[in-house]
Amino acid sequence: KAAIPLGVLKVLEPHQLKPDSLETERILTVLDQTITKLEMSRLIPGIAASLGRFAGMLGPEITTSLRELSKEMQHLLTSPGEGQTTRAREQRLKSSLRHVLRLFLANPLLFQGLKHQIQVRPSPADGFIQAFVEFRDSVLERLLTSPVEEEEKVQFMQDMSLRAEQNTGMIRALQAELEAATHTAKEEIHKKDKVIEDLKATMQDLVKDCEAYIQQIMQEGEKQPKEEEEAFQDRCSRLQQDVQHLQAQFSALVLEHRASEQVLRKRKCRAEVEIENWIQKYDTDMAQKQATYEEIDAVYSEEKAQLALLREKHSLLLQEHSQIEEERRMLRQKEEEELQEEARRKRAATCIQAVWRGYLVRSVIKAKMKKKKKKKGKKK
């Protein structure tokens, strides 16, 4: 089976690398603290066994707490009691252990320093801690995976499963064809071998019969009178000729069967070569499909990167467009305010001009009235 490239597996990784909510950070904090507590619990027996060595580094409070924890543990292991007593001792042991863990959590640098100085033997606890770390990473991946990414991952896995099923079907079909061709070739070779064995057995029986017949004739010839010796010799010569003829036929049959065997061997070789060609063709097809898959994946990754770049540019253009629209709106608002101010000024100027003209008209009328009154006074 063709291996999946590491680049394809990046599709399954979450795009978001940091938690985006307070709840996620709290969950990760609880898991990280649990892992730290497990690692501390794994090292506490080694630290307690070397208290004299690390007493100066640990300080009096942690040293005292570790001694009390060791006593509780030793007392629980060496002197088992009844059910309630055992539960009470276990509760005291858990309380002492929590107190020691709180002290170490309050001083993480001390724990890191001890972690590099203490060597512990492998135990099942290491597997549990590793499994919990993997559980934490799995929880983080699930928390950082958005619903859209989850749908894309499911769709990708379905596509990969469909392709795998299709490839498996093709492989099974090719294997079935290969097995059928191999089985047919083996059956033909087996039939030919059986025919050759039957012919060999027949020839051996024929030679034995001839020898027995000759022996019988020779025995009968010894009993015949001398008068029949010449006839017997003639018969023997004929029989010898028959034997030679049969031997020639046997040799011809051997040569024929050897030729047939050579033909069968050549067919067998051709069948093996054809099988090897099928295998090479299968490997070549799978390599081409793998290369095509990698090219498509590379194009997909490149287009995905281009899409991300275009989205980033699009967001920048949207921001610029929003700023431009806001500036245009402010300019329009300013122009409208200026137009309104200009119209107000024009109306005020018109009113002032109208008042001023009225004042001038009234002044002229008053001046004319005064002149008329003066003329009337002079005439009287």
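As annotated in an unreviewed UniProt entry, the protein is Dynein regulatory complex protein 10 from Pitta sordida. Quoted verbatim from the Function (unreviewed entry) field of the UniProt record, the comment on the protein reads "Component of the nexin-dynein regulatory complex (N-DRC), a key regulator of ciliary/flagellar motility which maintains the alignment and integrity of the distal axoneme and regulates microtubule sliding in motile axonemes." Comment text from UniProt for the protein, heading Sequence similarities (unreviewed entry), reads "Belongs to the DRC10 family."

Asks: What should I look at first to understand a positive patch on the surface in this one?
Replies: Side chains of Arg362, Lys366, Lys368, Lys370, Lys371, Lys372, Lys373, Lys374 and Lys375 sit close together on the surface and give a patch of like positive charge. For Lys374, the position within the fold is in helix α9 (residues 229–379). Exposure remark for Lys374: the relative accessible area of 59% places this residue in the exposed category.

Asks: In this structure, what is going on with the packing of aromatic side chains? I would like to understand it.
Replies: Any two aromatic rings considered together are summarised by their centre-to-centre distance and by the angle between their planes. What the rule picks out here adds up to three aromatic pairs. Geometrically, the ring pair formed by Phe132 and Phe135 is tilted, given 5.9 Å between the ring centres and 50° between the ring planes. Within this pair, Phe132 and its partner Phe135 are both found in helix α7 (residues 124–144), separated by three residues, close to a single helical turn. On the basis of relative accessible area, Phe132 is assigned to the buried category, the value being 17%. Assessed through its relative accessible area of 45%, Phe135 is described here as partly exposed. Put simply, the rings of Phe128, Phe132 and Phe135 touch in pairs and so form one group of aromatic residues.

Asks: Quick question: what am I supposed to make of a negative patch on the surface here?
Replies: Residues Glu335, Glu336, Glu337 and Glu338 make up a contiguous surface patch of negative charge. Locating Glu338 in the fold gives a position in helix α9.

Asks: Looking at this model, I keep getting lost on the pattern of salt bridges. Mind explaining?
Replies: Oppositely charged side chains can form a pair if their charged atoms are brought close together. For the coordinates displayed, the defined rule picks out ten salt bridges. Between Arg136 and Asp137 there is a salt bridge, and its shortest N-O distance comes to 3.5 Å. Glu326 is the partner of Arg329 in a salt bridge, and the nearest nitrogen-oxygen pair spans 2.5 Å. Of this pair, Arg329 and Glu326 are both found in helix α9, three residues apart, which corresponds to roughly one turn of the helix. Salt bridges sharing partners connect three or more residues here, namely Asp32, Arg136 and Asp137.

Rules used throughout
- All residue numbers refer to position in the chain's written sequence, counted from 1.
- Given that the model is predicted, a residue must reach a pLDDT of at least 70 before its local features are reported, and side-chain atom pairs must reach 80 or more before they are shown or counted; all residues, however, enter totals for whole chains, interfaces and linings.
- Calculated side-chain values reflect all of the structure's heavy atoms, with hydrogen atoms and water omitted.
- UniProt positions are given in the numbering used here, feature names are shortened, and annotations may be inferred rather than shown by experiment.
- Each patch is built from salt-bridge-free residues with over 30% relative accessible area, joining like charges within 9 Å and nonpolar side chains (Val, Leu, Ile, Met, Phe, Trp, Tyr) within 5 Å.
- With residues, only the protein chains shown are counted as cover, and all accessible areas are computed by Shrake-Rupley using a 1.4 Å probe.
- A side-chain nitrogen of Lys or Arg and a carboxyl oxygen of Asp or Glu constitute a salt bridge if their distance falls within 4 Å.
- Only four residue types enter the charge count, namely Lys and Arg as positive and Asp and Glu as negative; His and the chain termini do not.
- A charge is said to be at NZ when it belongs to Lys, at CZ for Arg, at CG for Asp and at CD for Glu.
- Segments assigned H or I by DSSP are reported as helices when at least four residues long, segments assigned E as strands when at least two residues long, and all are numbered from the N terminus.
- Note on classification: 1.4 Å probe, protein chains only; a residue is buried when its accessible area is under 20% of the maximum for its type, exposed when over 50%, partly exposed between these limits.
- By convention, a stacked pair of Phe, Tyr or Trp rings (six-membered ring in the case of Trp) has centres within 6.5 Å and planes under 30 degrees apart, an edge-to-face pair has planes over 60 apart, and any other such pair is tilted.

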